[in-house]
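# Close look at the chain arrangement
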Amino acid sequence: MGETAGFGIQGVADLGSAYAESESIKAQGDYQRSISQMNADLANQQALDAQKRGEGAARDQRRETRQKVGAQRAALAASGVDVGSGSAAQMQLDTELVGVQDERTLRNNAVREAWGFRSQAANSMAQGDFASITARGQATQTLLNGGMRAAGNFSSAYGTYSNKKAPGPAAPSGAYGMKRYNVE
């Protein structure tokens, strides 16, 4: 009976061990997912910061351009040049166009930087999801393996128990001890 109990106890231990290990694997996957979520949140905050910095830089550029045009107008007017026509007007227009181009470049760079951070956020989320899914699969596999080990131990316990019993009557014929009848 001692050997039989040993197999039974080992089977229960296998089940408990498999369950504990599967819970640990799931916890690791959840932890990885939470770290990935924090990384994604950080990347999204960096994207917002990049956009705000880009808008601020574009505003500063617009202000700088207006100051340049104003300084040009003042200098030209002080020299007695008509600021609204000819090359004086063209020079101011060119300065404004360069300023607008610089402003757009600053905005586009900010959008690209923000897009890079959002891509990092999406990648972090995907990695977290993958880690969680993988952990759940590994946890399930661990439970199945533990169940199979336990079943093997229970089977060994039953076999040991059955072999130690005194031989009994012969097993009945037919499926599940029922007589077979031919029906025509």
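This write-up is about the structure you can find in this document. (Residues numbered from 1 in each chain as written. Predicted model: local features only at pLDDT ≥ 70, side-chain atom pairs only at ≥ 80, totals over all residues. Heavy atoms only, no water.)

On a plain count of helices and strands, the chain comes out with two helices and zero strands. Relative to its full complement of 184 residues, the chain shows a buried share of 23%. Residue pairs at least 24 apart in sequence account for 86% of intrachain contacts in the chain once pairs closer than 6 positions are excluded. (Helix = DSSP H or I, 4+ residues; strand = E, 2+ residues; numbered from the N terminus. Buried < 20%, exposed > 50% of the residue type's maximum accessible area, 1.4 Å probe, protein only. Contact = heavy atoms within 4.5 Å.)

Moving on, we come to the environment of phenylalanine 130. Here phenylalanine 130 is to be found in helix α2 (residues 86-164). Owing to a relative accessible area of 58%, phenylalanine 130 belongs among the exposed residues under this scheme. Residues phenylalanine 130 and glycine 29 lie 101 residues apart in sequence; the distance between their C-alpha atoms is 8.7 Å.

So, on to the side chain of glutamine 61. Mapped onto the fold, glutamine 61 is located in helix α1 (residues 2-78). Accessibility expressed as a relative area gives 12% for glutamine 61, which makes it buried. Aside from chain neighbours lying at most four places away, what touches glutamine 61 is Gly99, Asp102, Glu103 and Leu106.

Note that threonine 142 resides in helix α2. With residues near it in sequence (within four places) discarded, threonine 142 still touches Ala18, Glu21, Ser22 and Ile25.

Right, let's talk about the pattern of salt bridges for a bit. Under the criterion given, the structure shown has ten salt bridges. Here lysine 26 ties to glutamate 23 by a salt bridge, and the two come within 2.9 Å at their closest N and O atoms. With lysine 26 and glutamate 23 both in helix α1, this residue pair falls three residues apart, about one helical turn. Residues glutamate 103 and arginine 62 are paired through a salt bridge, measuring 3.0 Å at the closest nitrogen-oxygen approach. Here the residue glutamate 103 occupies a position in helix α2, and arginine 62 occupies one in helix α1, the gap between them amounting to 41 residues. Each of the salt bridges in this network shares a partner with another, and the network as a whole consists of Glu55, Arg62, Glu103 and Arg107. (Salt bridge = Lys/Arg side-chain N within 4 Å of Asp/Glu carboxyl O.)

Function cannot be read off these values alone, since they describe shape.
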